[in-house]
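Letter by letter, the chains look like this.
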Amino acid sequence: MRQKASRSELIEVAQGRRSADLIIKNGTVINVYSGELLKQNVAVYQDSIAYVGERDVLSDEHTKIIDAEGMYVSPGFIEPHAHPWVIYNPISMTRKVLPLGTTTTVNDNLFFYLHMGAAGFKKMVKDLKDLPGNFLWLVRLVSQADFKGEREWFNQKDVQELLELEEVVGTAEVTRWPLLYQADSFLLDTIEVAKQKGKVVDGHTAGCSYEKLISIAASGVSACHEAITAKEALDRLRLGMWTTLRNSSLRPDFPEVIKMITEGKVSTHRITMTTDGPHPGFIEKEGFVDGLIRRAVELGVPVINALQMATINAAVYLRLDDYIGGIAPGKLADILLLPDLKYFRPDIVISRGEVVAKQGNLLVSTPKLNWNQYVVREPFAFSKQLLDDLNLYRYPYSSTEQTVPVAYFKSNVITQRKDVKLPEAGGFADISGEEGLLYASLIDRNGKWVSKAILERFAVHLDGMASTYNTTTELLVIGRNPKAMAQAAKRVHELGGGIVIVDGEDIVVEIPLPFTGMMTDDSSFDQAVRYHDELLAAVQQRGFPFHDILYTLLFLTCDFLPGLRLIPFGLYDVKKNEMLLKAEPIKDQIAK
């Protein structure tokens, strides 16, 4: 991170030999280094803090003075594990969370890299430098679902070049953590490169036992946010990992994991917090990092500890505490004025010395980007007429089997195998007499293959749904009626990516996601909220029994969570590491 103010200029302001640009007077400074609340003044020069103390500093007619009487002066909040692609995009997310006090976000690059490659991603990172706040990145080493050519796409040269970028602070979570347990040489070599560059190694160890966690720690992983119990969180802490407590739309885990602090009384100096990519409606209702602090305090965490976890602890973990995380001379002037220590919603947000938000309203402009200028992968490399073939959507029936495997949803994202006996019709499994069963097809964006499954407890009355919003960003089509499925698929094709639901012959939901098939290109966060709320209401009306449809869609096509998964290679049983039904080639149907 770089600062405009020189060290000599900051010294001059601190000594009263140069006028400050901004002075915050009479506030109570939250000192996250010492854990104290101190009545002090804060002076800012250009983008940095020059003075923190009780005396007045030099000012002139150009100095902006803020009287913070009765207010708390806090460091800006830090989100160390963000996913800026949950229908919203980097700009719309920033426009929402910066006024809520999150001045630094550290962001997963998965879908940007999948669609842009290294060159496009680097160009986007450069163009986002004008975004207010500190917008930083973690780079993926592998995808969330293996696909043909994955290792060529995530190659050592490109990934290591990205680690050279100043805006890249480390490597992103390896969701397929068994690769680390198996000592995958590419992953270990790249992790070592990251460490030599002084960068962090984020982790993901969902479902990992303590004995296996030892090997993950040995691989070099710096942190993990996947603990869902206090014991799991403590296991990670004891093994030297930074332990990131999560409260998100998919996993609102705080009531359980926070017991490590409130009941276990452990030291919090290596504990941080994350929202882990919540859906837009969650942020609208619960907030972002401000919501994490608020919830932690409600559950019994001392205020100063909660603030430290969201500021200095995250900065130390990210190896950025020389620049952010606290109110101290020489640090970047990322400062919040909080009216209370209950709600943690700032009246004023200062980022790099500039007042960027007041009373929840953004005061500065954000860049206007043509997102698709960076993309190198075509949304679809086949004619939409291919999707008229109803055989793409039906599940093949095998007369040698008495039953077919069905992916039964136990929760939003966890499935289990059920073997169901179904009648045959024209060579395909017939689900028309079985309430709650749906066909699912994952269709290659290049028109080369299709993977198929049957789902249960995804929805009940769903004629047709198509979505590029999933881990693979291929075309995922779900429903009971192949004709409605085809119509939904064709409309998503026309949109260049998105989510569509069809009842009978009527399109009832249409959400264009033209940027990587995952994100709206709209800079309005409100638009992302409307899209999410419309989608969730529609699927729940059709029998979806859970609370987070976006993560259900996202993880159905991954290859690391328990149960049956629909991935580019076919219908996959994760626990048994067995392909139950291989992907079929699509022949003679591609428009040349």
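Residues numbered from 1 in each chain as written. Predicted model: local features only at pLDDT ≥ 70, side-chain atom pairs only at ≥ 80, totals over all residues. Heavy atoms only, no water.

Draft legend 1. Spatial organisation of the domain arrangement of the protein chain. Domain annotation for the protein chain reports domain 1 (77-325) and domain 2 (384-585). Computed from C-alpha coordinates alone, the two centres of domain 1 and domain 2 are separated by 28 Å. Tallying the contact residues gives 35 residues for domain 1 and 37 residues for domain 2. Across the domain 1 to domain 2 interface the summed buried area is about 2,900 Å²; carbon plus sulfur atoms make up 71%. It is Ile 87, His 115 and Leu 250 that lose the most area in domain 1 upon contact with domain 2, and together they represent 26% of the buried surface on that side. Taken together, the connections running from domain 1 to domain 2 amount to one salt bridge. For Arg 176, the salt bridge identified is with Asp 559, shortest N-O distance 3.6 Å. At the junction of domain 1 and domain 2, the tally comes to 15 residue pairs in polar contact (both at pLDDT 80 or more). Taken together, the residues of the side of domain 1 that touches domain 2 sort by class into 18 nonpolar, ten polar and seven charged. (Domains from an automatic or database assignment. Contact = heavy atoms within 4.5 Å. Buried area = accessible area lost by both parts, 1.4 Å probe. Salt bridge = Lys/Arg side-chain N within 4 Å of Asp/Glu carboxyl O. Polar contact = N/O pair within 3.5 Å; in protein donor to acceptor, adjacent residues only side chain to side chain. Nonpolar A, V, L, I, M, F, W, Y, C, P; charged D, E, K, R; others polar.)

Draft legend 2. Expanded view of the side chain of Thr 175. Relative to the helices and strands, Thr 175 is located in the loop between strand S9 (168-171) and helix H6 (178-181). On the basis of relative accessible area, Thr 175 is assigned to the buried category, the value being 1%. Residues in contact with Thr 175, not counting those within four places in the same chain, are Arg 140, Ser 143, Gln 144, His 204 and Phe 560. (Helix = DSSP H or I, 4+ residues; strand = E, 2+ residues; numbered from the N terminus. Buried < 20%, exposed > 50% of the residue type's maximum accessible area, 1.4 Å probe, protein only.)

Draft legend 3. Highlighting the sheet that holds strand S10 (residues 200-203). Pairing is parallel across the open sheet formed by eight strands, whose spatial order is S6-S7-S8-S9-S10-S11-S12-S13. Of all the strands in the sheet, the pair left with one neighbour each is strand S6 (77-82) and strand S13 (271-274). For S10 and strand S11 (residues 223-224), the ladder comprises two bridges, and the chain directions are parallel. In the sheet register, Gly 203 faces S11, and the bridge partner there is Cys 224. Across the sheet, helix H3 (residues 110-127) lies against strand S7 (102-108) and strand S8 (134-139), angled at about 125° from S8, the strand it touches most. (Pairing = 2+ DSSP bridges. Axes fitted to C-alpha atoms, helices over the stretch in contact; angles between N-to-C directions.)

Draft legend 4. Local environment of the layout of surface pockets. Empty space within the largest pocket amounts to approximately 1,200 Å³. What lines the largest pocket is a set of 45 residues, among which Thr 175, Trp 177, Phe 560, Leu 561 and Pro 562 lie closest to the centre. Of all elements in the fold, only H6 and helix H18 (549-556) reach the threshold of two or more residues within the lining of the largest pocket. Residues of the lining of the largest pocket, tallied by class, amount to 21 nonpolar, twelve polar and twelve charged. Mapped onto the domain boundaries, the lining of the largest pocket takes at least three residues apiece from domain 1 (77-325) and domain 2 (384-585). Taken as a whole, the second largest pocket holds about 650 Å³ of empty space. Lining the second largest pocket are 25 residues, with Lys 129, Leu 131, Gly 133, Asn 134 and Arg 352 positioned closest to its centre. Looking at the lining of the second largest pocket, the elements with two or more residues in it are S8 and strand S16 (354-358). The element contributing the most residues to the lining of the second largest pocket is S8, with four residues. (1 Å grid on protein atoms, 1.4 Å probe; cavity = no way out; pocket = protein on both sides within 12 Å on 5 of 7 lines; lining within 4 Å. Points joined across faces, edges and corners; volume = space filled by probe spheres on them.)

Draft legend 5. Region of the structure containing the nonpolar core. Core analysis: the biggest nonpolar cluster contains 165 residues, and Met 124, Ile 454, Phe 458, Tyr 469 and Ile 478 have the highest contact counts within it. Here this core takes ten residues from H3, the largest share from any one element. Residue-level mapping places this core at the junction of two domains, with at least three residues from each of domain 1 (77-325) and domain 2 (384-585). Aside from chain neighbours lying at most four places away, what touches Ile 454 is Tyr 395, Val 404, Pro 405, Val 406, Ala 407, Leu 422, Ala 429, Ile 431, Leu 437, Leu 438 and Tyr 439. Counting residues in hydrophobic clusters, the runner-up holds 18 residues, among them Ala 68, Ala 333, Leu 337 and Ile 348. (Core = buried A, V, L, I, M, F, W, Y, C linked by side-chain atoms within 4.5 Å.)

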